[in-house]
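For reference, the chains in residue letters:
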Amino acid sequence: MAMKISTEGLEDLSAMLAKLGNRAEDVASGALYDGAGVVADAMKRAADSIVCGPQQKKRPAPEKTPKRLPTPEEKAAVVGKTGIAKFHKNGGEVDTLVGVTGNAGYVMIGGRKKAVRMIARAINSGTSFMVKQPVFRRAASASKSAAQAAIVSKAEKMFEDIINS
Amino acid sequence: MTKFDQLVSQLKNISGIEIAEYEWRTRPNGDFGTVQKDFEIDSDNGSDGKQDRAFEGSVDIFTHGKQMLTVAAVESVLEDVCSGSWYLNSEQYEHETGLIHREFVFQLTDEEVPDPEESGG
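Position numbers for residues count from 1 along each chain, tracking the sequence in the order it is written. Chain letters and ligand numbers both follow the written order, the letters beginning at A and the numbers at 1. Selection of residues for local features in this predicted model requires a pLDDT of at least 70, selection of side-chain atom pairs for listing and counting requires 80 or more, and totals for whole chains, interfaces and linings are taken over all residues.

Asks: Even after reading the chapter, I still don't get the interface of chain B and chain A, so can you show me in this structure?
Replies: Many analyses report the size of an interface as the accessible area lost when the parts associate. In this assembly, 16 residues from chain B lie in contact with 12 residues from chain A. Every helix listed is a DSSP run of H or I at least four residues long, and every strand listed is a run of E at least two residues long, numbered separately from the N terminus. Looking at the side of chain B that touches chain A, the elements that each hand over two or more residues are strand S2 (32-46), strand S3 (49-63), strand S4 (86-93) and strand S5 (100-109) of chain B. Amino acid classes used here: Ala, Val, Leu, Ile, Met, Phe, Trp, Tyr, Cys and Pro are nonpolar; Asp, Glu, Lys and Arg are charged; the rest, including Gly, are polar. Taken together, the residues that form the side of chain B that touches chain A break down as 4 nonpolar, 5 polar and 7 charged. A pair of residues counts as a contact when their C-beta atoms, built from backbone coordinates, are within 7 Å of each other.

Asks: So what exactly am I meant to see when it comes to the pairing of S2(B) here?
Replies: Regular strands place side chains that alternate from one sheet face to the opposite one. Residues and elements named next belong to chain B. Whether two strands pair depends on DSSP finding at least two bridges between them. Here strand S1 (residues 18-21) pairs with S2 via 4 bridges, running parallel. Residue pairing for S2: glutamate 21 is matched across the bridge by valine 35. Looking at chain direction, S2 and S3 are connected through 12 bridges and run antiparallel. Among the inter-strand pairings, glycine 33 is bridged to a residue of S3, identified as isoleucine 61. Adjacent in sequence and paired antiparallel, S2 and S3 are bridged by 2 residues.

Asks: Even after reading the chapter, I still don't get the pairing of strand S6 (residues 112-115) of chain A, so can you show me in this structure?
Replies: Residues and elements named next belong to chain A. Bridge analysis of strand S5 (residues 106-109) against S6 gives 4 bridges, and the strand direction is antiparallel. If you follow methionine 108 over to S6, its bridge partner there is lysine 113. Taken together, S5 and the strand that follows it, S6, pair antiparallel across an intervening segment of 2 residues, in which glycine 110 is found at a positive phi of about 55°.

Asks: Is there a simple way to think about the packing of helix H1 (residues 3-12) of chain B against helix H2 (residues 68-82) of chain B in this case?
Replies: Axis angle and axis distance: for two packed helices, these are the angle between their axes and the distance between the axes, and together they describe the pair. All names here are of chain B. It is at 10 Å that the axes of H1 and H2 come closest, and there the two elements cross at 160°. Taken together, H1 and H2 sit at an angle that is classed as roughly antiparallel. Remark: the crossing between H1 and H2 carries right-handed chirality. Of the residues in H2, those in contact with Lys3, Gln6, Leu7, Gln10 and Leu11 of H1 are Val74, Val77, Asp80 and Val81. Among the residues forming the contact of H1 with H2, the class breakdown is 5 nonpolar, 2 polar and 2 charged. Only the contacting stretch of a helix is used when fitting its axis, a line to C-alpha atoms as for every element, and angles between N-to-C directions run 0 to 180 degrees. Our angle categories are set so that under 35 degrees counts as roughly parallel, over 145 as roughly antiparallel, 65 to 115 as roughly perpendicular, and the remainder as oblique. The hand of a helix crossing depends on one turn: near helix anticlockwise from the far one by less than a right angle means left-handed, and clockwise means right-handed.

Here it is as structure tokens:
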């Protein structure tokens, strides 16, 4: 992503870079934290908006019934596990995942162990027997520009603080 | 017809798979799929209201087995109608049904395109 940093002139810029040194990673993770927060808020709202249906007592044959909705238990598991994954730092590069991430784990629903991530995926993409509700894809798409703006403004502010310190 | 209509009609013409707009009432026995608009992603404010609206949608195909020819046909329709703005969002095997589910996500504007049936006479 292109990032524009406002500075007054070349002298400012070289001073800024000299001062930044090994604190570049701190700036990157601080900025990413703000951006990821914006996306995570949108994802939380998205998870809350999932429509769920009644709990089914017996699993019907998938090809004979209309598509089902996620059960309240499935929705609760997905809502509870929506968030930001650990930040992964690698030599000046910082990245993370937002949504129902790899460490979401499993839940027991109706005596069966289900991966929360797979439930979220089945809701977001749909299956041949579950209604598709692309809430996470929509949230990611809608929050993208707000997240980018949050990252840029935070990075600018952190650069300024470092230069003025 | 809009670009979305063009996409739907071209997908329905693919042999070896039956693709419906939005949802099946009675699911076919063979390979099947659906195509739908999911949500609006962008638009401009014009003097007559909204202009240049763009939508994100998806094509879901469910196949018995890999069916690479069908997949290639769907991909070529997407490439033809949406140019580069589509991707394979997920591919997964359903244990319960034995089907392979592929989800393609595309982005389209609502611009009008000539109807091949009308213009071709």
